[in-house]
Amino acid sequence: MHCLLSCRHFSLRRLPAPFLSAAMMSGLILWGPGAEARASDALPGAALVEESSLWITIGADAFARLQAEHGLIFRNQPLQAVARQGEVVATRIDSRDLERISRVIHQSHHRCPGFLAHDSLEEAQEALLQSARPQLGGGALPFEIDQPALVASLDGLLQGDEILETIETLSTDFNNRYYQHPSGQNAAQWIRDLWAGYAFGRPEVTSELFSHSGWAQPSVILTIPGSTKPDEVVVLGGHLDSISSGSSNPDFLAPGADDNASGIATLSEVIRIALAQGFTPQRTVKFIGYAAEEVGLRGSQEIADTFQAGSDDVVAVLQLDMTGFNGSTNDLTLISDFTDSALNTFLGSLIDTHLTDLTWNTSFCGYGCSDHAAWHNRGFRAVFPFEATFGQHNGSIHSTSDTVGTLSNSGEHAVKFARVASAFMVETSVDVVPPIFVDGFESGDTSAWSSTAP
Ligand code: BES
Ligand code: ZN
């Protein structure tokens, strides 16, 4: 399976060498305007492979749009669905139509690229299966919605202004967080230090860099150890890298204010308030800023691999990628593909129970569009609350215009996601503990606040 990074932002012929070699290493096929051959064909000595057929998997809504415009786009007509799984469709195309498809999807659905390309029908079918695959663990979720007081005590403290400030710093002081750009490495260190500062006075909480084997930009992991179930882990994450056309050219900026300084800033606000309030979970909670998402979920895949190989049990994963742009009538959109249906139901109930002023709907990417898919594809339960219904989200991502200005210089939308993430953190990591009876008297309930709480 290959993610297409074409859209209007990429031209194979204009790609700088580091980007091209990184793309090669990650197995990506890149297509750009006019490019009709594989990326590998651009390598010196590589044989030119002529191939006119390709399969893509794409959201059903975007597919319907392509069908409607087939007369304008396609060399081979008509365009037909060869397989379908839920809201995702597989179809066969002529590879020379890729650029036009990419342009139509970008213009009509603001997705870039909005579909995955596959070398064979079998690969496309496998991708369809992955999009709705039940999770390995199966069975009931190991937690319930039963902590209204704890949720409420954090909820009122989360500040949109704090989130906006962090977005501003990341998008201006580190305005090219491309995974191979020095500023992308500095950004990771800055996030590590920001989170370490929030953990001041909490010696059991760690904020560390996670080094990757194939590139320099590290991921960042803050860990709050669980008091009674430390081997069960809840992950809240988002990517810390950014990308833009010509991203490794220092003159071409990738501020990534919404994609995804907003997600990192939203997570940071949850950390700030939770630690300041002395929150101590029963399960271990990890906040992760993933490196190298924009070049194929590379950071999250390596981290999810590590957890798969280890002995700890990751029971829930929440992804925040783009929280700043208020493009729909509903407050939040729950992404339904490459996520776990039971955990999505839990997340919807959690909002309905604790955050009754917030509205939500569901939508889908049609491909593994962010780090939640890395976890999902390895059998972990993941959810992805997103800023808007697809097609209504921020159209400035992956460009120099993804700045706080596009977010109306406001953290008002993002703070809704901090509230949801905070409630999710509490309800997945703290359970009601049966009261302990000593000599017939109840000895008091278990608190989720640390002894060092102010
Ligand atoms: N934030 C985007 C994903 C996204 C974009 C979700 C638009 C919803 C609407 C993410 O950073 C991204 O760009 N993902 C890539 C795919 C990835 C596998 C490289 C994409 O969508 O092209
Ligand atoms: Zn992106």
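Trainee: It is not clear to me how the packing of aromatic side chains should be interpreted in this structure. Could you clarify?
Mentor: By convention here, two paired aromatic rings are described through the distance between centres and the angle between planes. Throughout the structure, instances matching the rule amount to nine aromatic pairs. Residues Phe 143 and Phe 346 carry aromatic rings whose centres are separated by 5.0 Å and whose planes lie at 65° to one another, so their mutual orientation is edge-to-face. With Phe 143 in the loop between helix H5 (121–131) and helix H6 (148–155) and Phe 346 in helix H11 (residues 341–354), this pair connects stretches of sequence that are 203 residues apart. Residue Phe 143 shares its accessibility class with Phe 346, and that shared class is buried. Between Tyr 178 and Tyr 179, the aromatic rings sit 5.2 Å apart at their centres with planes inclined by 85°, giving edge-to-face as the arrangement. Residue Tyr 178 is classed as buried on the basis of its relative accessible area of 1%. For Tyr 179, a relative accessible area of 1% puts it in the buried group. Taken together, the ring pairs connect Phe 143, Phe 346 and Phe 424 into an aromatic cluster.

Trainee: Looking at this model, I keep getting lost on the coordination of the zinc ion (ligand 2). Mind explaining?
Mentor: Each angle at a metal carrying four tetrahedral donors should ideally be 109.5 degrees, and each at a metal carrying six octahedral donors should ideally be 90 or 180 degrees. In this structure, Asp 259 (OD), Glu 294 (OE), Glu 294 (OE) and His 398 (NE2) serve as the protein donors to the zinc ion (ligand 2), at separations of 2.0 to 2.4 Å. What the six donor atoms of the zinc ion (ligand 2) show is an angle range of 57 to 155° at the metal, which sorts the shape as irregular. Each donor residue of the zinc ion (ligand 2) lies on the same chain, and together they follow the pattern D-x34-E-x103-H. Of this pair, Asp 259 sits in helix H9 (residues 257–276) while His 398 sits in the loop between strand E14 (385–386) and helix H13 (414–429), and the two are 139 residues apart along the sequence. For Asp 259, a relative accessible area of 4% translates into the label buried. Since its relative accessible area comes to 11%, His 398 is described here as buried.

Trainee: Is there a simple way to think about the pattern of salt bridges in this case?
Mentor: Close approach of charged atoms allows side chains of opposite charge to pair. Under the criterion given, the structure shown has 12 salt bridges. We note a salt bridge from Asp 155 to Arg 419, for which the minimum N-O separation is 2.8 Å. In this pair, Asp 155 sits in helix H6 while Arg 419 sits in helix H13, placing the two residues 264 residues apart along the sequence. In terms of burial, Asp 155 and Arg 419 fall into one category: buried. Salt bridges sharing common partners tie together Lys 229, Glu 232, Arg 283 and Asp 431.

Trainee: Would you explain the sheet that holds strand E11 (residues 332–335) in this entry?
Mentor: In sheet architecture, strand pairing relies on hydrogen bonds along the backbone and comes in two forms, parallel and antiparallel. Here three strands make up an open sheet; going across it, the order is E12-E11-E14 and the pairing mixed. If you trace the sheet from one side to the other, it starts and ends with strand E12 (360–363) and E14, each paired once. For E11 and E12, the ladder comprises four bridges, and the chain directions are parallel. Looking at the pairing, Ile 335 lines up with Ser 363 of E12. Contacts between H11 and the sheet are confined to E11, E12 and E14, with E11 contributing the most and set at about 160° to the helix.

Trainee: How do you make sense of the environment of Leu 158 when you look at a structure like this?
Mentor: Mapped onto the fold, Leu 158 is located in the loop between H6 and helix H7 (160–173). Sequence separation between Leu 158 and Arg 419 is 261 residues, and the spatial gap between their C-alpha atoms is 6.9 Å.

Trainee: Whenever I open this one, the pairing of strand E9 (residues 283–290) confuses me. Can you help?
Mentor: The side chains of a regular strand alternate, residue by residue, between the two faces of the sheet. With eight of its eight residues buried, E9 lies for the most part within the structure. Two strands pair when backbone bridges link them, and strand E7 (residues 219–224) and E9 are joined in this way by five bridges, in the antiparallel orientation. Note that in E9 the partner of Leu 222 across the bridge is Phe 287. Relative to E9, strand E8 (residues 229–239) runs parallel, the two being bridged by eight bridges. Bridging from a neighbouring strand, His 239 pairs with Tyr 290 of E9.

Trainee: Honestly, H13 in this entry has me stumped. Any pointers?
Mentor: The end-to-end C-alpha distance of H13 is 23 Å, a good match for the 22 Å that 16 residues give at a rise of 1.5 Å each. Burial analysis of H13 places 16 of its 16 residues in the buried class, which makes it a mostly covered element.

Trainee: Can you walk me through the packing of helix H8 (residues 182–198) against H9 in this structure?
Mentor: At a closest axis distance of 9 Å, the pairing of H8 and H9 adopts a crossing angle of 20°. Judged on the interaxial angle alone, H9 and H8 are roughly parallel. Crossing of H8 over H9 shows right-handed handedness. For the pair H8 and H9, the contacting residues are Ile 191, Leu 194, Trp 195 and Tyr 198 in the first and Ile 264, Ser 268, Ile 271, Arg 272 and Leu 275 in the second. Residues that form the contact of H8 with H9 fall into these classes: seven nonpolar, one polar and one charged.

Trainee: I tried to follow the packing of H7 against H8 on my own but got confused; where do I start?
Mentor: For any two helices packed against each other, the geometry comes down to the angle between their axes and how far apart the axes lie. Their axes nearest at 11 Å, the elements H7 and H8 cross at an angle of 155°. Between H7 and H8, the interaxial angle falls into the category roughly antiparallel. When you trace H7 past H8, the crossing you get is right-handed. Along the contact surface, H7 presents Thr 166, Thr 169 and Leu 170, while H8 presents Ala 187, Trp 190, Ile 191 and Leu 194.

Calculation notes
Sequence positions are assigned chain by chain, starting from 1 and proceeding in written order. Chains and ligands are labelled sequentially in the order written, the chains with letters from A and the ligands with numbers from 1. With pLDDT at 70 or above as the cut-off, local features in this predicted model cover only qualifying residues; side-chain atom pairs require 80 or more to be listed or tallied, and sums for whole chains, interfaces and linings still use all residues. Only hydrogens and water are set aside; all other atoms, that is, all heavy atoms of the structure, feed into the side-chain values. Pairing of aromatic rings covers Phe, Tyr and Trp, the last counted by its six-membered ring, and requires centre-to-centre distances within 6.5 Å; plane angles under 30 degrees mean stacked, over 60 mean edge-to-face, and any other angle means tilted. Each helix is a run of H or I in the DSSP string that is no shorter than four residues. Each strand is a run of E no shorter than two, and both are numbered from the N terminus. Burial classes: relative accessible area under 20% of the type maximum marks a residue as buried, over 50% as exposed, and values in between as partly exposed (1.4 Å probe, protein chains only). Coordination shells were defined by N, O and S atoms within 2.8 Å of each metal, extended to 3.2 Å for Na, K and Ca; water is absent from the atom set, which can make sites look incomplete. Geometry is assigned from donor-metal-donor angles: four donors are tetrahedral when every angle falls between 85 and 135 degrees, four are square planar and six octahedral when opposite donors sit over 155 degrees apart with all other angles between 65 and 115, and any other arrangement is irregular. What makes a salt bridge here is a side-chain nitrogen of Lys or Arg within 4 Å of a carboxyl oxygen of Asp or Glu, nothing more. A pair of strands is considered paired only if DSSP assigns at least 2 bridges between the two. The contact rule is simple, with two residues in contact once any of their heavy atoms fall within 4.5 Å. In this description, a line fitted to the C-alpha atoms serves as the axis of each element, helices being fitted only across the stretch in contact, and the angle between N-to-C directions of two axes falls anywhere from 0 to 180 degrees. The span one expects for a helix is its residue count, reduced by one, times 1.5 Å. Roughly parallel refers to an angle under 35 degrees, roughly antiparallel to one over 145, roughly perpendicular to one between 65 and 115, and oblique to any angle outside these ranges. Handedness of a crossing follows from how the near helix is turned relative to the far one, being left-handed for an anticlockwise turn of less than a right angle and right-handed for a clockwise one. Note on residue classes: Ala, Val, Leu, Ile, Met, Phe, Trp, Tyr, Cys and Pro are nonpolar, Asp, Glu, Lys and Arg are charged, and everything else, Gly too, is polar.

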